There are 2 protein chains.
Amino acid sequence: MYQPRITSSSFFIGRNEPGLISFGSGQSDLLPPQELFSALPRAGYLKYGLIAGEPALREGVAKLYPGTRAEDFVITNGASEALDLTLRVLCERGGKKVLLTRPHYYSYPHNVLMAGMEPVFTELVNGRIDLADFAEKVQGVDAVIVNTPCNPTGCVEPVATLKAIEALTARLGVWLIFDEVYKQILYDGEHYRPSTPNVITNNSFSKSYSLCGLRVGFLHSYDPELVRQVIEMKTDTTMNTGLLAQQMALAALGTPPEYFAEQLAIWRARRDLCYAGLCDLGLELVKPEGAFYMLPKVNDPGRAVDELYFDHQVVVYNGEWFGALGHIRLCYALDVEKIKEGLERIGLWLKQRK
Amino acid sequence: MYQPRITSSSFFIGRNEPGLISFGSGQSDLLPPQELFSALPRAGYLKYGLIAGEPALREGVAKLYPGTRAEDFVITNGASEALDLTLRVLCERGGKKVLLTRPHYYSYPHNVLMAGMEPVFTELVNGRIDLADFAEKVQGVDAVIVNTPCNPTGCVEPVATLKAIEALTARLGVWLIFDEVYKQILYDGEHYRPSTPNVITNNSFSKSYSLCGLRVGFLHSYDPELVRQVIEMKTDTTMNTGLLAQQMALAALGTPPEYFAEQLAIWRARRDLCYAGLCDLGLELVKPEGAFYMLPKVNDPGRAVDELYFDHQVVVYNGEWFGALGHIRLCYALDVEKIKEGLERIGLWLKQRK
């Protein structure tokens, strides 16, 4: 059996050899709204801010969520920290098991284990949650993480599924951690956010505004005691989220809707190009409805990652890193010319492989 | 017995009633070097950075530590995150017990417990580590945290003590986590950093440059595997430390020595004023040699915190929150006039109390 030389996405970090086409790291390649930089201070103090986040920013994000209160948000170093703090608090409260989908975002199982809990899995069927299996697996867990639009599948869960999960988890008293960082990158279908008292919402400025490196995300919970516990934990771990980053995030809330419409048109064109190209190459994949990932099936993805990188200077991620055995993940946050060139190289690789 | 109304420092967060004199939050009230703001970008991308931190910043901090390599540093969201990640990694490696001094920085026991380990304590004697007790308590622990200059005592450990601890922990194979965030606020004595292979150094831009709200700190370890594990964990928790903050921190490394000399003169004058004032009021305390804290003895500190706040509009922290029973902590990061006014009010309170 082939032993992959590349065993983790961290292998690719910092690689930008000339001629490399990277379908690797999951981030926008577009410029953030440039006027946000004007929000940065030119002078002044940088004393500690409130651990929960700047009041104006919390008020701003609360307005995006009708029925919520600013004091029930915590501004975090990206949605990743929101999830890490949430899981650690749930473990402190006695949580033992967390239900994840498979495939899932790379970090989820690590986050659950690092928080001192155990992951349990429900297998996605064609990228979608299978409600029957979900209803079985959710029994006896303390929390569930649902991510839609989904990294790495690009799938969007149907509203009916999300409503069923909302009702079921609320009835069972299971926390529903709802990760909607890609909610604004939606091509088809409708985004629905569950909002029963057991829902904890995670979101971020990283994807919608092309601000990954800024590190601003947030969480919301309807349970003030959970919010208090998260703030208390953050006091001992990272304290306030960086104030410069929060100022830029606050400015981002004023971004006009046209910005998102323009970005979405770009993403959609890339999605269409990449999807058609992979289909033409004979690869089998679900058509993504959101986010900027594709997850085609390939034989021996460990070897595929190695060959594509070493022989064709194309970066793709092994689906295994996301719980997707027999798949590779492509992030198509690349300009159209690079996507075309990348598809050609993948085509060449497929030919040579046969 | 008196039941305090104020039971945590978080009670004071966000309070800035007119007329309030706050010896509370531990942060500089001075302006950061104003030219640092010019380092902020006016346009551009904000894509993910390396999880370990920007190479230029790691190279810059490595130069401050002769004998270290840039790749053995990780840039973090303040020294707090550096400690949180370090302890979580040590627990993953099988660590069970961590030796702390008592008094100690507020968060330490929480950090140890949250990481899944157990704190063990050695009592400071007049603010100093008692080597005999230390040598006894260090047996069987996996790590030790030493913080000098110390929050909340303001004491600086003698070089001989630090050398003894360095040798002992190295011999025993106990990790020595060395928190030197106040190393540049030093009035008397000498700062010595242990540098055996078991030493993990934590430092921050928060205190020296008055940049608490920016959130940039770092850790260094001589063990590349530990550094790798910290980076891997940070990939799942907060990812890269905010890029804007790192750019400002990089600029801060160019701050001329006169800046620190000027700041230190201000801190020293305040230290002298506050120490003399508290002594004149008949309070018993160790004279601080670094940082910006004093830890006088008082009867019933819970009542003292309440009375000083509610009756005299003076904020002090209960030493108990730092493991210092029978003490209150004062942070004298206040201009001279406010320190004088605060001392007067404390004098009034002492008179009324008798």
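If you're wondering where the values come from, they're calculated on a predicted model, not measured in any experiment. (Residues numbered from 1 in each chain as written. Chains lettered and ligands numbered in written order. Predicted model: local features only at pLDDT ≥ 70, side-chain atom pairs only at ≥ 80, totals over all residues. Heavy atoms only, no water.)

Structural notes on the relation of the copies chain B and chain A
Here the two chain copies are tied together by a rotation about an axis and a shift along that axis. Superposition of chain B onto chain A requires a rotation of 180 degrees combined with a translation of 0.0 Å along the rotation axis, giving an RMSD of 0.0 Å. In the structure described here, the two chain copies are related by an operation that fits a two-fold rotation axis. Both copies share a contact surface, since 100% of the interface residues of chain B are interface residues in chain A too. (Least-squares fit on C-alpha atoms with pLDDT ≥ 70 in both. Contact = heavy atoms within 4.5 Å.)

Here we look at the sheet that holds strand β2 (residues 73-76) of chain A
Residue and element names in this part refer to chain A. Sheet architecture is open: 7 strands sit in the order β2-β8-β7-β6-β5-β3-β4, paired in mixed fashion. Looking at strand neighbours, the two that pair on one side only are β2 and β4 (118-123), the edges of this open sheet. This sheet shows a mean twist of 20 degrees between the axes of neighbouring strands, independent of strand direction. Where strand β3 (residues 97-102) meets strand β5 (residues 143-147), 2 bridges bridge the pair, whose relative direction is parallel. Each residue of the ladder has a partner; that of Val98, found in β5, is Ala143. Along the sheet face, helix α1 (residues 55-63) touches β2 and β8 (217-221) and points at about 115 degrees away from the line of β2. Contacts from helix α6 (residues 224-237) reach β2, β6 (175-179), β7 (199-204) and β8, with the element oriented near 25 degrees to β2. (Pairing = 2+ DSSP bridges. Helix = DSSP H or I, 4+ residues; strand = E, 2+ residues; numbered from the N terminus. Axes fitted to C-alpha atoms, helices over the stretch in contact; angles between N-to-C directions.)

Concerning unusual backbone geometry
Across residues other than glycine, the phi torsion is negative in most instances, and most of the peptide bonds are trans. The amide bond that connects Arg102 of chain A to the next residue, Pro103 of chain A, takes the cis arrangement and shows omega of 0 degrees. Here Pro103 of chain A is to be found in the loop between β3 and α3 (108-114). A cis amide bond, omega 25 degrees, links Asn151 of chain A with the succeeding residue Pro152 of chain A. We note that Met239 of chain B has phi near 60 degrees; this positive angle belongs to a residue other than glycine. Among the structural elements, Met239 of chain B can be located in the loop between α6 (224-237) and α7 (243-252). The phi dihedral of Ala291 of chain B falls on the positive side, at around 55 degrees, and the residue is not glycine. Residue position: Ala291 of chain B is located in the loop between α8 (257-280) and β9 (293-294). Relative accessible area serves as the criterion here: at 0%, Ala291 of chain B is assigned to the buried category. (Buried < 20%, exposed > 50% of the residue type's maximum accessible area, 1.4 Å probe, protein only.)

Details of the pattern of salt bridges
Residue and element names in this part refer to chain B. The final tally for this structure, using the stated rule, is 44 salt bridges over all chains. Two residues, Glu123 and Arg102, come together in a salt bridge whose shortest N-O distance is 2.7 Å. You can see Glu123 sitting in strand β4 (residues 118-123) and its partner Arg102 sitting in strand β3 (residues 97-102), a full 21 residues away along the chain. Of the charged contacts in the structure, one is a salt bridge between Glu307 and Arg353, with a shortest N-O distance of 3.8 Å. Highlighted residues: Glu307 in helix α9 (residues 301-312) and Arg353 in helix α10 (residues 336-353), separated in sequence by 46 residues. (Salt bridge = Lys/Arg side-chain N within 4 Å of Asp/Glu carboxyl O.)

Here we look at the sheet that holds strand β11 (residues 317-318) of chain B
Residues and elements named next belong to chain B. Spatially, β9-β12-β11 is the arrangement adopted by the 3 strands of the open sheet, whose pairing is antiparallel. Either end of the sheet is taken by a strand with one partner, and the two such strands are β9 and β11. The sheet contact formed by β11 and strand β12 (residues 328-331) spans 2 bridges and is antiparallel. Considered in β12, the bridge of Asn318 is made with Ile328.

Let's talk about α6 of chain A
A turn of α-helix holds 3.6 residues, and therefore any two residues three or four places apart point the same way. Residue and element names in this part refer to chain A. With 14 residues, α6 extends 20 Å between its outermost C-alpha atoms, agreeing within 8% with the 20 Å of an ideal straight helix rising 1.5 Å per residue. Residues of α6 that are buried include every one of Leu226, Val227, Gln229, Val230, Met233, Lys234, Thr235, Asp236 and Thr237, and no others. Capping of α6 at its N-terminal end is provided by Asp223; its side-chain oxygen lies 2.9 Å from the backbone amide nitrogen of Glu225. At the exit of α6 stands Met239, carrying a positive phi of roughly 60 degrees. (Expected span 1.5 Å × (residues − 1). Polar contact = N/O pair within 3.5 Å; in protein donor to acceptor, adjacent residues only side chain to side chain.)

Examining the environment of Gly173 of chain B
Residues and elements named next belong to chain B. Mapping Gly173 onto the fold places it in the loop between α5 (159-172) and β6 (175-179). Classification of Gly173 as exposed rests on a relative accessible area of 58%. It is 9.6 Å that separates the C-alpha atoms of Gly173 and Val141, two residues lying 32 residues apart in sequence.

As for the confidence of the model for chain A
Per-residue confidence for chain A gives a mean pLDDT of 96, with 100% of residues at or over 70. Overall fold confidence (pTM) sits at 0.97, and the ipTM for the predicted complex is 0.96. (pLDDT = per-residue confidence, 0-100.)

Details of the packing of α9 of chain B against α10 of chain B
Residues and elements named next belong to chain B. With their axes 11 Å apart at the nearest point, α9 and α10 run at an angle of 115 degrees to one another. By the angle class used here, α9 and α10 are roughly perpendicular. Crossing geometry of α9 relative to α10 is assigned as right-handed. Here Arg303, Ala304, Glu307, Leu308 and His312 of α9 come into contact with α10, specifically with Arg345, Ile346, Leu348, Trp349, Gln352 and Arg353. Among the residues making up the contact of α9 with α10, the classes are represented as 5 nonpolar, 2 polar and 4 charged. (Parallel < 35°, antiparallel > 145°, perpendicular 65-115°, else oblique. Left-handed = near helix turned anticlockwise from the far one by under 90°. Nonpolar A, V, L, I, M, F, W, Y, C, P; charged D, E, K, R; others polar.)

Some details on the pairing of strand β8 (residues 217-221) of chain B
Residue and element names in this part refer to chain B. Extensive coverage of β8 is indicated by the burial of 5 of its 5 residues. Where burial is concerned, the two faces of β8 agree: the one with Gly217, Leu219 and Ser221 and the one with Phe218 and His220 are both buried. In this sheet, β8 lies alongside strand β2 (residues 73-76) in antiparallel orientation, the contact comprising 4 bridges. Note that in β8 the partner of Phe73 across the bridge is His220. Note: strand β7 (residues 199-204) against β8, 5 bridges, orientation antiparallel. From the neighbouring strand, Ser204 faces β8, where its bridge partner is Gly217.

Quick look at the interface of chain B and chain A
Listed by partner, the interface residues are 54 residues for chain B and 54 residues for chain A. Summed over both sides, the interface of chain B with chain A buries roughly 4,500 Å², with 57% coming from carbon and sulfur. Taken as a group, Leu46, Tyr48 and Asp236 of chain B account for 16% of the area that chain B buries against chain A, more than any other trio of residues on that side. The interface formed by chain B and chain A contains 2 salt bridges. The tally of links between chain B and chain A comes to 24 residue pairs in polar contact (both at pLDDT 80 or more). (Buried area = accessible area lost by both parts, 1.4 Å probe.)

Quick word on the pairing of β7 of chain A
Residue and element names in this part refer to chain A. Counting buried positions over the 6 residues of β7 gives 6, a clear majority of the element. Burial of β7 is two-sided: the residues Val199, Thr201 and Asn203 facing one way and the residues Ile200, Asn202 and Ser204 facing the other way are all buried. Relative to β7, β6 is paired through 4 bridges, and the arrangement is parallel. If you follow Leu176 over to β7, its bridge partner there is Val199.

With respect to the packing of helix α2 (residues 78-92) of chain B against α6 of chain B
Helix packing geometry: the angle between the two helix axes and the distance between the axes. Residue and element names in this part refer to chain B. Between α2 and α6, the shortest axis-to-axis distance is 9 Å and the interhelical angle comes to 110 degrees. By the angle class used here, α2 and α6 are roughly perpendicular. Crossing geometry of α2 relative to α6 is assigned as right-handed. Only Leu226, Gln229, Val230, Met233, Lys234 and Thr237 of α6 make contact with α2, whose side of the interface consists of Glu81, Leu85, Arg88, Val89, Leu90 and Glu92. Residues that form the contact of α2 with α6 fall into these classes: 6 nonpolar, 2 polar and 4 charged.

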